[in-house]
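Fold and contact review
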Amino acid sequence: MIKLHGNPPDVLSWYHALSDEYDISEIVFFGDFSGSLKSELAKIRTVTNSVIDTQNAGTHYKKDFTDFLMLDYIYRKSVERKKPDVYILFTGDGHFSSVVTYLRTKCKRDVVIYGVEGATSRLLKNAATSFREFPTAEEKRGYCIKAILENLYSHTRAKNKRLTFKATVDNVSKRSALDAALISEALEYLIKQGYISRRPLYINRSNRIFILITDWDALIRDGLWTAK
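Owing to the predicted nature of the structure, the values given are computational and were not obtained by experimental measurement.

What follows covers the nonpolar core. Ranked by internal contacts, the top residues of the largest apolar core, which has 24 residues, are Ile148, Leu149, Leu152, Leu187, Leu190 and Ile196. Among the elements of the structure, α7 (137-154), α8 (165-175), α9 (180-192) and α10 (216-221) are those that each provide at least two residues to this core. At 7 residues, α7 tops the list of elements feeding residues into this core. In this structure, Leu187 is in contact with Ile148, Phe165, Thr168, Val169, Ile196 and Leu212, ignoring residues within four places of it in sequence. Grouped together as the second largest cluster of nonpolar side chains are 17 residues, Tyr87, Val100, Ile113 and Ala128 included.

Dropping the structure here:
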């Protein structure tokens, strides 16, 4: 998510979305949390304490055991007397296509795959009962809004800084992994909602530009921005 889309997973939002649709019996996270993922542990523990650290403590051969431990756990769960009716896997790795096929054909269970856009195996998608992709359109808009507001705020104290629509889209696009078209749509949304307005600024008698004016109080009031 971070490499491809510039933002970490929103674990809490995913949990709430799943809770609205399913009666969740168990949530388990697998991963090597010794490195960059360590900062995600606090977020994960807001939804579950079932965290299996797959760190390989070996000093010579640093093999990643995450896939192996996940597969072992899924197969063991599948032979329990009271097994889940639906398996929901957050992965894009094609190595899981075999276990997904096994769960569907042998265990007669539905399997839902949640994968990251641009990083999910086609084989895995085809094996699953259904596939859902992240980030969603709503999440993408949220990422863009956050990046837009951070860019606008960073220029609020700059003297003679003329923030136009195009300049803002270009700045945010250059400084993030976000698509310029999505940034443009998000900025239009903020304008339509009244959080940002376009005000004419005359360069001379015949030329003018439209600069962006941000209503920070309204953004703070509606929870889109935190006062700094």
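On we go from here.
What follows deals with the layout of surface pockets. Space inside the second largest pocket adds up to approximately 400 Å³. What lines the second largest pocket is a set of 16 residues, among which Pro8, Asp10, Ser13, Glu139 and Tyr143 lie closest to the centre. Listing elements by their share of the lining of the second largest pocket, those giving two or more residues are α2 (11-21) and α7. Here the lining of the second largest pocket is composed, by residue class, of 6 nonpolar, 5 polar and 5 charged.

Turning our eyes to something else, we now look at the environment of Ser19. Locating Ser19 in the fold gives a position in helix α2. Placed 56 residues apart in sequence, Ser19 and Tyr75 show a C-alpha to C-alpha distance of 24 Å.

So, on to unusual backbone geometry. Looking along the chain, the bond that leaves Phe134 and enters Pro135 is cis, with omega of -5 degrees. On the secondary structure map, Pro135 appears in the loop between β5 (130-134) and α7. Positive phi is not limited to glycine here, since Lys108 has a value of about 55 degrees. Following the sequence through the fold, Lys108 ends up in the loop between α5 (97-105) and β4 (110-116). Residue Lys108 is classed as exposed on the basis of its relative accessible area, which comes to 65%.

Okay, the pattern of salt bridges next. The full count for this structure, using the stated rule, is 9 salt bridges. Asp222 is paired through a salt bridge with Arg221; the nearest N and O atoms lie 3.0 Å apart. A residue is classified by how much of its surface remains accessible, and Arg221, at 62% relative accessible area, is exposed. Each of the salt bridges in this network shares a partner with another, and the network as a whole consists of Glu26, Lys77 and Glu80.

Reading guide: rules and limits
Residues numbered from 1 in each chain as written. Predicted model: local features only at pLDDT ≥ 70, side-chain atom pairs only at ≥ 80, totals over all residues. Heavy atoms only, no water. Core = buried A, V, L, I, M, F, W, Y, C linked by side-chain atoms within 4.5 Å. Buried < 20%, exposed > 50% of the residue type's maximum accessible area, 1.4 Å probe, protein only. Helix = DSSP H or I, 4+ residues; strand = E, 2+ residues; numbered from the N terminus. Contact = heavy atoms within 4.5 Å. 1 Å grid on protein atoms, 1.4 Å probe; cavity = no way out; pocket = protein on both sides within 12 Å on 5 of 7 lines; lining within 4 Å. Points joined across faces, edges and corners; volume = space filled by probe spheres on them. Nonpolar A, V, L, I, M, F, W, Y, C, P; charged D, E, K, R; others polar. Salt bridge = Lys/Arg side-chain N within 4 Å of Asp/Glu carboxyl O.

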